[in-house]
Amino acid sequence: MSAFSYLTHLECSRCGQTHEAEALQTVSACCGKPLLARYDLERARREWNREALAQRPATMWRYHELLPARQEAEIVSLGEGMTPLLACQQLGQALEWPSARVLVKDEGQNPTGSFKARGMSAAVSRARALGVKALATPSAGNAAAAMAAYAARARLPAVVFMPEDAPESAMVQVAVSGAKLYLVKGLINDAGAMVAALKEERGWFDVATLKEPYRAEGKKTMGFELAEQLGWRLPDAILYPAGGGTGIVGMWKAFEELEALGWIGPQRPRMIIVQAEGCAPLVQAFHAGSETAEPWQDAHTLAGGLRVPAAIGDFLILRAVRASGGTAVMVSDAEMLAAAKLLAATEGIFAGLEGAAPLAAYRKLLADGALKPEDEVVLFNTGSGLLSLDQFPAQAPVLRPGERP
Ligand SMILES: *Cc1c(COP(=O)(O)O)cnc(C)c1O
Ligand SMILES: [Zn+2]
């Protein structure tokens, strides 16, 4: 009989020490670093096979054997995941590389409009199952919108701290979902400090990026889906707009797990992280050859999801990028905006600035030869442009009755 989940324990990402998975955990007790969920992959390999997936619903929970929920009833879902992987030939033509092999994984089609839904579905499911009574998170916007939605679905109260210039769409999504919203003067790290300072006294469980083990598990399903959607192989390169980097950490882990199951081979895509010129701590660390990143001073970019001056999982992200033979690229806000318009106009995919950053980076890497047009690349559109409409001013002539264009 196969298990619903093969979760066995949690492991410190720094020193490997084991932590109990049936207790509520934050960061590792030993090192204060992210905890990674571990599964009995040998048993899963014997008892589970990929053909079983054909019958499953098109959500990320189709991979429940390698997700943390112990039973179906534990899952808090809004239909997240199994987003389309769209072939983009016209984009290649527009870039004047007609042979370019570009795919876009359109995460903007997730509930609440961004891939934050995946992480929150996993984290909120697990938190509720382990007895949490209230949730809190700092967020640039999209994590807050997702947490508020999943908290409502889980019937848990939730509190959100966002920078005061967070996008209106996030504030509205949080407010209509019934979560409590506070705006903070400062950046996401300042919002994070606020949650950290109050959580014990207020009885909140902090679901900030990589401060609990399961958001990364939700995000890793992007890696499972890529493999499944490509017929159990992986592309040559993945371009990903990195803030806290859970997606990179998660997908890298997903590929290891798939190989342990025998579903894919040892080949890996080059993992390429993209950051904004005004906040690029991981890009700087990558090119400096450092194992960790220095906090970025005076972080500024209109791409709020990328305005993360310090990431607790920095060493994990850098490790994955290096092990994969990947690289790290900076792009300007203007380049992101131009890329968003190009993607929308050539393929009908409306990405926000973060989600357009991989296309901006792809252009650069093609131009300097680091990527070849024959390399099959997957660009991650992490969030819908509908979440930040004010960044895309639209002008149209107004016609009076009787006037014609
Ligand atoms: C949060 C966010 C990111 C950064 O994601 P990480 O996994 O934390 O690096 C990128 N794009 C969008 C739209 C986001 O909301
Ligand atoms: Zn440790």
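Asker: Explain the packing of aromatic side chains here, please?
Answerer: Each aromatic ring pair is summarised here by two numbers: the centre-to-centre distance and the angle between the ring planes. Taken as a whole, this structure holds eight aromatic pairs when the rule is applied. For the ring pair Phe115 and Tyr240, a centre distance of 5.9 Å and an interplane angle of 50° mean the geometry is tilted. In this pair, Phe115 is assigned in the loop between strand E5 (101-106) and helix H3 (116-129) and Tyr240 in strand E10 (residues 237-241), connecting sequence segments 125 residues apart. Residue classification places Phe115 among the buried residues on the basis of a relative accessible area of 6%. For Tyr240, a relative accessible area of 2% corresponds to the buried category. Residues Phe161 and Tyr182 carry aromatic rings whose centres are separated by 5.2 Å and whose planes lie at 20° to one another, so their mutual orientation is stacked. Within this pair, whereas Phe161 is found in strand E7 (residues 158-163), its partner Tyr182 is found in strand E8 (residues 180-184), the two being separated by 21 residues in sequence. You can call Phe161 buried: its relative accessible area is 4%. The class for Tyr182 is partly exposed, based on a relative accessible area of 35%. Through a chain of ring-to-ring contacts, three or more aromatic side chains come together here, namely Trp48, Trp232 and Trp263.

Asker: Mind showing me how you'd approach the pattern of salt bridges here?
Answerer: For side chains of opposite charge, pairing can occur when their charged atoms come near one another. Applying the stated criterion across every chain yields a total of 22 salt bridges. Residue Glu47 is joined to Arg43 by a salt bridge in which the shortest nitrogen-to-oxygen separation is 3.0 Å. Separated by four residues within a single helix, Glu47 and Arg43 lie in helix H1 (residues 41-47), roughly one turn from each other. Among the residues examined, Glu47 registers a relative accessible area of 29% and is labelled partly exposed.

Asker: Please clarify how the pairing of E10 should be interpreted in this entry.
Answerer: Strand residues, when the strand is regular, have side chains that alternate between the two faces of the sheet. In terms of burial, E10 is a largely internal element, five of the five residues being buried. Residue alternation in E10 divides its side chains into two sets, Ala237, Leu239 and Pro241 and Ile238 and Tyr240, and both sets are buried. Taking the sense of rotation as the criterion, the β-α-β connection linking E10, helix H8 (residues 246-261) and strand E11 (residues 270-276) turns out right-handed. Two strands pair when backbone bridges link them, and E10 and strand E13 (residues 376-381) are joined in this way by three bridges, in the parallel orientation. Looking at E13, one finds that Ala237 is bridged to Val377.

Asker: Please explain the coordination of the zinc ion (ligand 2) as it appears in this structure.
Answerer: A four-donor tetrahedral metal ideally has 109.5 degree angles, and a six-donor octahedral metal ideally has angles of 90 or 180 degrees. Summarising the metal site, the zinc ion (ligand 2) is bound by the protein donors Cys12 (SG), Cys15 (SG), Cys30 (SG) and Cys31 (SG), whose distances to it range over 2.3 Å. The coordination sphere of the zinc ion (ligand 2) comprises four donor atoms, whose angles at the metal cover 102 to 118°; the geometry is tetrahedral. Written as a sequence motif, the donor residues of the zinc ion (ligand 2) are C-x2-C-x14-C-C. Among the residues examined, Cys30 registers a relative accessible area of 33% and is labelled partly exposed. Here Cys31 falls in the partly exposed class, since its relative accessible area comes to 30%.

How each quantity is defined
Residues numbered from 1 in each chain as written. Chains lettered and ligands numbered in written order. Predicted model: local features only at pLDDT ≥ 70, side-chain atom pairs only at ≥ 80, totals over all residues. Heavy atoms only, no water. Phe/Tyr/Trp six-rings, centres within 6.5 Å; stacked < 30°, edge-to-face > 60°. Helix = DSSP H or I, 4+ residues; strand = E, 2+ residues; numbered from the N terminus. Buried < 20%, exposed > 50% of the residue type's maximum accessible area, 1.4 Å probe, protein only. Salt bridge = Lys/Arg side-chain N within 4 Å of Asp/Glu carboxyl O. Right-handed = clockwise from strand over helix to strand, strands pointing away. Pairing = 2+ DSSP bridges. Donors = N, O, S within 2.8 Å, 3.2 Å for Na, K, Ca; no water. Tetrahedral: all angles 85-135°; square planar, octahedral: opposite > 155°, others 65-115°.

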